[in-house]
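Residues per chain, in single letters:
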Amino acid sequence: MNAITRLFDNDYDDDGFRECSVTGLDIHRSVERHVKLYGLTAVVALVVGGLFAFSVALTRWEVVGLIGEQNYYKHLSMHAWNLLIFWMVFMEIAILYVGGPMVLGRRLPLKRLATGGWVVMLVGALGVNWSIWTVSGTEVAPLLTAYVPLDIPSAFYAFAIVFLLGATVAALPFFVSLWLEKREATNTTLPLITFGAFATGVIAVQAILGGLAAFGYALAWTEGFIETIDAGIYRQLYWIIGHGSQQINLLAMITVWYFLTHFVGGAKVVSEKVSRSAFILYIFFINLGAAHHLMVDPGASVGWRIFNTSYAFYGAAFASMIHAFAIPAGLEAGRRQRGQGGGLFGWLTSAPWKNPAFSATIFSIILFGFVGGITGVLMGQLQLNMTWHNTFATVGHFHGTVAVGTTLAFMGLVFFLIKTMFRRDFISGTLATLVPYFYAGAMGLVTLMMMYVGILYGVPRRTSEVVSNIPGANFSLSAAEPLFIPFGIFAVLAILAGVFFVVVAVGSLLGGSRLDAGDDGGMLPSGGLRTDGGESVHAVEMRGTFVLCLVFMATFVALYVLNWFLLTQLWEIGV
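Everything numeric here is computed off the predicted structure, so don't read it as measured data. Numbers given to residues run from 1 along each chain, matching the order in which its sequence is written. Reporting of local features is limited, given that this is a predicted model, to residues whose pLDDT is at least 70; pairs of side-chain atoms are given and counted only at 80 or more, and all residues count toward the totals for whole chains, interfaces and linings. Think of the side-chain values as coming from all heavy atoms in the structure, minus any hydrogens and water.

Enquirer: Can you help me understand the overall build of the protein in this one?
Expert: Note on conventions: DSSP H or I runs of at least 4 residues are helices, E runs of at least 2 residues are strands, and numbering of each starts at the N terminus. A tally of regular secondary structure across the protein gives 18 helices and two strands. Note on method: radius of gyration uses C-alpha positions; expected globular size equals 2.2 Å times residues raised to 0.38. Against the globule reference of 25 Å for 575 residues, the protein gives a C-alpha radius of gyration of 23 Å, in line with a compact fold. Principal axes of the C-alpha set define a box for the protein whose edges measure 70 × 55 × 45 Å. Each residue is placed in one exposure class: buried if its accessible area under a 1.4 Å probe, protein chains only, is under 20% of its type's maximum, exposed if it is over 50%, and partly exposed if it falls in between. The proportion of buried residues among the 575 residues of the protein is 56%. Per-residue accessibility takes into account occlusion by the displayed protein chains alone, with areas from the Shrake-Rupley method and a 1.4 Å probe. Counting only carbon and sulfur atoms, one obtains 67% of the accessible surface of the protein, whose full area is about 23400 Å². Under this rule, positive means Lys or Arg and negative means Asp or Glu; His and the chain ends count for nothing. Throughout, a charge is located at the NZ atom of Lys, the CZ atom of Arg, the CG atom of Asp or the CD atom of Glu. Seen as two clouds, the 30 positive and the 31 negative side-chain charges of the protein have centres 6 Å apart.

In structure tokens, the structure reads:
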């Protein structure tokens with residue numbers, strides 16, 4: 001117990017502040033302790049979700065077939081809720097506290113409310129896990145989507161509402177800190193990191209309102225307060241939270257990208273106005289991407305589908321393109337200003353690739369962009385959606401966003417916090433350096449295999465056994481069986497990489513050497529955060545980023561054309 005309590009202690013002055021040896025920020029103990037509290041809870045959820053990732057992967061790999069059909073959805077729901085929701089949301093509350101009061105150098109307002117929010121979230125998370133694990137019956141419903149009128153226990157909806165209410169309470173101190181800042185400094189602009197956190201909070205409010213409406217509607221029906229329920233309306237409401245939760249992940253992840261590329265890579269912001277405009281576009285348009293979950297829903301009109309998957313959706317896609325240029329451009333400009341690497345890509349090859357906080361961030365940017373981002377735009381198109389909908393390719397897409405995108409970025413943030421907030425050295429620098437490479441490589445291949453068998457073979461997403469046969473149908477997917485061999489192998493390797501991450505994180509917290517005051521732990525970029533001279537960032541060449549953007553666009557066009565070609569092949573079925 002003493003080892004745990006020591007994790008929350010640091011050397012503070014009489015006012016409760018300390019100066020971070022890496023960021024230079026004045027951090028108050030109230031902020032730091034709550035960031036640690038939420039971050040540690042998130043890692044616990046990651047462990048739980050990772051355990052069920054193992055059983056789910058070895059079930060979909062039908063050579064093993066670890067668990068039967070009746071228990072499959074229990075394991076899948078435990079995996080999904082703990083990794084897609086609890087691991088993410090607890091980390092995102094920590095990110096709000098970092099982006100708000102920590103960056104602003106303020107105390108955390110409403111400390112008891114912040115602690116109370118954590119308690120309510122924890123109760124909700126434990127309750128959701130309990131309701132999933134104790135559900136019984138011959139047919140267990142998938143409790144991530146939890147569609148009505150499936151037989152789903154009232155306790156599940158109730159605890160999901162409790163968790164959402166807890167997250168709302170936990171976010172309030174962040175918004176209050178911004179209100180206090182603007183009240184005292186009316187003529188100053190919020191830092192970009194704070195603005196990104198604010199945009200994340202706005203998207204979270206939208207998503208939580210949708211979740212409360214959906215789960216509250218379903219709870220009222222299951223408890224008999226209303227006699228009937230409209231499944232179409234429920235799906236519309238559900239996907240406000242179902243897809244909106246991923247948009248919270250997206251904005252939090254991009255905020256972490258800006259934060260870590262600056263503090264560990266030496267990046268500079270090329271244009272704050274442009275980056276801010278991208279966050280604003282997200283606020284108005286990103287949640288409209290939820291429409292691609294309803295493309296086959298008979299309740300949605302063709303006009304609604306076309307608007308949401310084209311004109312409105314382009315606003316969010318444009319915002320992503322801005323960040324896709326701004327972040328690597330800032331990294332290139334900052335490093336070139338320091339004279340760190342010449343030529344076309346010297347600024348990138350000379351970067352601190354041994355620093356796990358940096359490598360995890362860069363792999364997150366690359367894999368999210370090329371794997372998760374491009375495929376999100378493709379499957380969000382009205383016509384192309386029919387080749388993706390409810391296939392294993394959909395699962396591949398959101399592993400491309402959540403697993404190799406957001407999770408990698410959050411891993412990088414955890415590595416950074418171990419050194420800067422917990423003030424601990426890694427128990428193994430070599431293992432810490434290896435984890436982002438190992439996880440990004442293995443999970444990246446798993447994601448691609450999911451997409452491949454989903455698009456080209458039509459392997460569905462919602463059954464545990466499909467390769468040998470589809471029950472009740474004279475149709476076989478056995479041709480896809482060989483492709484599940486690399487899927488299974490790399491899935492196990494990706495989970496092993498996650499185990500190594502937990503070993504490094506927890507081991508360093510409990511057994512890592514204490515860093516002395518002023519020791520940056522190797523987190524600062526070479527040359528420090530400040531660049532020499534007064535050269536404008538716009539005077540620096542960014543030709544490397546320009547070439548990378550051309551490669552990205554060429555990949556985008558090639559995959560877009562390929563998916564339209566595959567769509568034309570769809571009509572050959574039955575000929």
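There is more to say, and it comes next.
Enquirer: Sorry if this is basic, but what is going on with empty space enclosed by the protein here?
Expert: In this approach a probe as big as a water molecule rolls over the atoms, and the regions it shows empty are the leftover space. In the cavity and pocket records, a cavity denotes points on a 1 Å grid over the protein atoms alone where a 1.4 Å probe fits but cannot get out, a pocket denotes an open set with protein on both sides within 12 Å along at least 5 of 7 lines, and lining residues are residues with an atom within 4 Å of a point. Grid points are joined across faces, edges and corners, and a volume is the space filled by probe spheres set on the points. All told, the structure shown has three cavities of 30 Å³ or more when counted by the stated rule. The calculated volume of the largest cavity comes to roughly 60 Å³. As for the largest cavity, its lining consists of Cys20, Thr23, Leu25, Ile27, Val98, Met102, Phe259, Leu413, Phe416, Leu417, Thr420 and Met421. Among the secondary structure elements, those contributing two or more residues to the lining of the largest cavity are helix H3 (69–104) and helix H15 (392–420). It is H15 that provides the largest number of residues to the lining of the largest cavity, a total of four residues. Each residue belonging to the lining of the largest cavity can be placed in one class, and the counts come to ten nonpolar, two polar and no charged. Quantified by volume, the second largest cavity comes out at close to 50 Å³. As for the second largest cavity, its lining consists of Ile95, Val98, Gly99, Ile193, Thr255, Val256, Phe259 and Leu413. Looking at the lining of the second largest cavity, the elements that each hand over two or more residues are H3 and helix H8 (244–263). Gly counts as polar in this scheme, as do all residues outside two lists: the nonpolar Ala, Val, Leu, Ile, Met, Phe, Trp, Tyr, Cys and Pro, and the charged Asp, Glu, Lys and Arg.

Enquirer: Can you walk me through the nonpolar core in this structure?
Expert: Most often, soluble globular proteins have nonpolar side chains that are buried together. Ranked by internal contacts, the top residues of the largest apolar core, which has 169 residues, are Trp87, Tyr97 and Phe416. Per-element tally for this core: the top contributor is H3, with 21 residues. Those residues in contact with Tyr97 that sit more than four places away from it in its chain are Val31, His34, Val35, Tyr38, Met102, Leu108, Ala114, Ala170, Pro173 and Phe174. To define a nonpolar core, start from buried Ala, Val, Leu, Ile, Met, Phe, Trp, Tyr and Cys residues and group those joined through side-chain atoms within 4.5 Å. Counting residues in each nonpolar core, the second largest holds eight residues, with Phe313, Phe552, Phe556 and Leu567 among its members. Contacts are assigned to residue pairs that have any heavy atoms within 4.5 Å of one another.

Enquirer: Can you help me understand a negative patch on the surface in this one?
Expert: Residues enter patches when their relative accessible area tops 30% and they take part in no salt bridge; the joining distance is 9 Å for like charges and 5 Å for the nonpolar side chains Val, Leu, Ile, Met, Phe, Trp and Tyr. Here, a salt bridge means any side-chain nitrogen of Lys or Arg that lies within 4 Å of a carboxyl oxygen of Asp or Glu. Judged by side-chain charge, Asp13, Asp14, Asp15, Glu19 and Asp26 come together as a negatively charged surface patch. In this fold, Asp13 is placed in the loop between helix H1 (2–6) and strand E1 (17–19). Accessibility expressed as a relative area gives 39% for Asp13, which makes it partly exposed.

Enquirer: I would appreciate a short explanation of the pattern of salt bridges in the present structure.
Expert: Should the charged atoms of two oppositely charged side chains come close, the side chains can pair. For the structure on display, the rule yields nine salt bridges. Note that Arg235 and Asp297 form a salt bridge whose closest N and O atoms lie 2.5 Å from each other. Pair noted here: Arg235 is in helix H7 (residues 231–242) and Asp297 is in the loop between helix H9 (272–285) and helix H10 (302–309), with a separation of 62 residues, a long-range link. Put simply, Glu332 and Arg336 hold a salt bridge, and the shortest N to O gap is 2.9 Å. Highlighted residues: Glu332 and Arg336, both in helix H11 (residues 311–337), separated by four residues, approximately one helical turn. Note on accessibility: Glu332 and Arg336 belong to one class, buried. Within this structure, Arg106, Glu181 and Glu184 form a network of salt bridges that share partners.

Enquirer: Explain the confidence of the model for the protein here, please?
Expert: One rule of thumb: low pLDDT means the predicted coordinates there are not for detailed reading. Values of pLDDT, the confidence the predictor places in each residue, fall between 0 and 100. For the protein, the mean per-residue pLDDT works out to 89, and 95% of the residues sit at or above 70. Looking at the elements of the protein, mean pLDDT is at its lowest for H1, recorded as 69, and at its highest for helix H4 (residues 111–134), recorded as 96.

Enquirer: Just checking my understanding: could you explain the packing of H3 against H15 for this structure?
Expert: Following both chains from N to C, one finds H3 and H15 inclined at 40 degrees, their axes separated by 11 Å at the closest point. Accordingly, the angle class assigned to the pair H3 and H15 is oblique. As for the relative orientation of H3 and H15, their crossing is left-handed in sense. Across the interface between the two elements, His79, Leu84, Trp87, Met88, Met91, Glu92 and Ile95 from H3 touch His399, Val402, Thr406, Thr407, Phe410, Leu413 and Val414 from H15. Whenever a helix is involved, its axis is fitted only over the stretch in contact; in every case the axis is a line through C-alpha atoms, and angles between N-to-C directions fall within 0 to 180 degrees. Working rule for angles: under 35 degrees goes down as roughly parallel, over 145 as roughly antiparallel, 65 to 115 as roughly perpendicular, anything else as oblique. It is the rotation of the near helix from the far one that decides the hand of a crossing: anticlockwise by less than a right angle makes it left-handed, clockwise makes it right-handed.

Enquirer: Hey, could you run me through a nonpolar patch on the surface in this one?
Expert: A cluster of nonpolar residues, Phe54, Val63, Val64 and Leu66, forms a patch on the protein surface that exposes about 350 Å² of accessible area. Here Val63 lies in the loop between helix H2 (29–60) and H3. Judged by relative accessible area, which is 60%, Val63 ranks as exposed.

Enquirer: Teacher, can you tell me more about H3 here?
Expert: For an α-helix, 3.6 residues make a turn, and residues three or four places apart therefore share a direction. Every helix has an expected span of 1.5 Å times one less than the residues it contains. End to end, H3 covers 51 Å across 36 residues, agreeing with the expected 52 Å (1.5 Å per residue, within 8%). At Asn82, H3 shows its maximal bend, which comes to roughly 35 degrees. Following H3 by one or two positions, Gly105 has its phi on the positive side, about 70 degrees. What we call the bend at a residue is the angle made by axes fitted to the seven residues finishing there and the seven residues starting there.

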